[in-house]
Amino acid sequence: MRGQEPRSTSSCAACKLLKRRCTPNCIFAPHFRSDEPKKFAKVHKVFGASNVSKILVEVPQEQREDAVNSLAYEAEARLRDPVYGCIGAIALLQRKMIQLQHDLALARACLARYAATPSIGDRVIMEPFGDFPDVCGGSIDSSSLNLSYELSQEAHMYDFSQIPYV
């Protein structure tokens, strides 16, 4: 855990941004190191230094690192999407999950129908995707194609894999 590492003599990112002297018992220092100034800047912009300080004081020492990571994640989400924040990302993932469950059910049904079709002798007709949609009862409807397109267009907005402190 970074909170247990010895501090360097420089100020933490929070004290640098707030332009104040970093004391040895600074609440921010173990979590907002001086080499991560953007991390605190985003958290400060969304939540404010005073609120973050109050949160860190209330949280037990062993959970502070997780709390800081959560605040940083939520701040990043709120800056990307000011209206919905991380709820927008959650809603997008839930819609994707529902669409994928629908696609999986459709694929299983098609596979069951395809497996149940009569074979010629001992040989099963296996033309790759030749009449597959027809065997399944028709092609994929345009509404599911539209939803897939919309989800792929929104997905880039909620790609949080690039956040270095999550």
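Presented here is a report on the structure given in the accompanying data block. (Residues numbered from 1 in each chain as written. Predicted model: local features only at pLDDT ≥ 70, side-chain atom pairs only at ≥ 80, totals over all residues. Heavy atoms only, no water.)

A few words now on the overall build of the chain. Scanning the chain from terminus to terminus reveals seven helices and zero strands. The burial tally for the chain puts 27% of its 166 residues in the buried class. Taking contacts inside the chain between residues at least 6 apart in sequence as the whole, the part at least 24 apart equals 59%. When the accessible surface of the chain is summed, it comes to about 11,300 Å², and 57% of that surface belongs to carbon and sulfur atoms. (Helix = DSSP H or I, 4+ residues; strand = E, 2+ residues; numbered from the N terminus. Buried < 20%, exposed > 50% of the residue type's maximum accessible area, 1.4 Å probe, protein only. Contact = heavy atoms within 4.5 Å. Areas by Shrake-Rupley, 256 points an atom, 1.4 Å probe, with all protein chains shown as cover.)

Their axes nearest at 9 Å, the elements helix α3 (residues 49–58) and helix α4 (residues 64–80) cross at an angle of 150 degrees. The orientation of α3 relative to α4 falls into the category roughly antiparallel. Between α3 and α4 lies a crossing whose hand is right-handed. Seen from α3, the contacting residues are Val52, Ile55, Leu56 and Val57; seen from α4, they are Arg64, Val68 and Leu71. Tallied by class, the residues present in the contact of α3 with α4 amount to six nonpolar, no polar and one charged. (Axes fitted to C-alpha atoms, helices over the stretch in contact; angles between N-to-C directions. Parallel < 35°, antiparallel > 145°, perpendicular 65-115°, else oblique. Left-handed = near helix turned anticlockwise from the far one by under 90°. Nonpolar A, V, L, I, M, F, W, Y, C, P; charged D, E, K, R; others polar.)

Attention now moves to the packing of helix α2 (residues 37–47) against α3. Think of two packed helices as two axes; the pair is described by the angle between the axes and how far apart they sit. In contact at an axis separation of 7 Å, α2 and α3 are set at 100 degrees when each is read in the N-to-C sense. Classified by the angle their axes make, α2 and α3 are roughly perpendicular. For the pair α2 and α3, contact is made by Phe40, Val43, His44 and Phe47 and by Ala49, Asn51 and Val52, respectively. Its residues assigned to classes, the contact of α2 with α3 shows five nonpolar, two polar and no charged.

To continue, consider a nonpolar patch on the surface. Where nonpolar side chains cluster on the molecular surface, the patch consists of Val83, Tyr84, Ile87 and Ile90 and spans about 430 Å² of accessible area. For Val83, the location among the structural elements is in the loop between α4 and α5 (86–116). By relative accessible area, which is 62% here, Val83 ends up exposed. (Patch = residues over 30% accessible without salt bridge, like charges linked within 9 Å, V, L, I, M, F, W, Y side chains within 5 Å. Salt bridge = Lys/Arg side-chain N within 4 Å of Asp/Glu carboxyl O.)

Among the nonpolar cores identified, the biggest contains 19 residues, and Cys12, Cys26, Phe28, Phe32, Phe40, Val43 and Val52 are the most heavily contacted of them. If you list the elements that add at least two residues to this core, you get α1 (13–18), α2, α3 and α4. At four residues, α4 tops the list of elements feeding residues into this core. In contact with Phe32, other than residues within four places in its own chain, are Cys12, Ala13, Ala14, Lys39, Phe40, Val43, Val52 and Val68. (Core = buried A, V, L, I, M, F, W, Y, C linked by side-chain atoms within 4.5 Å.)

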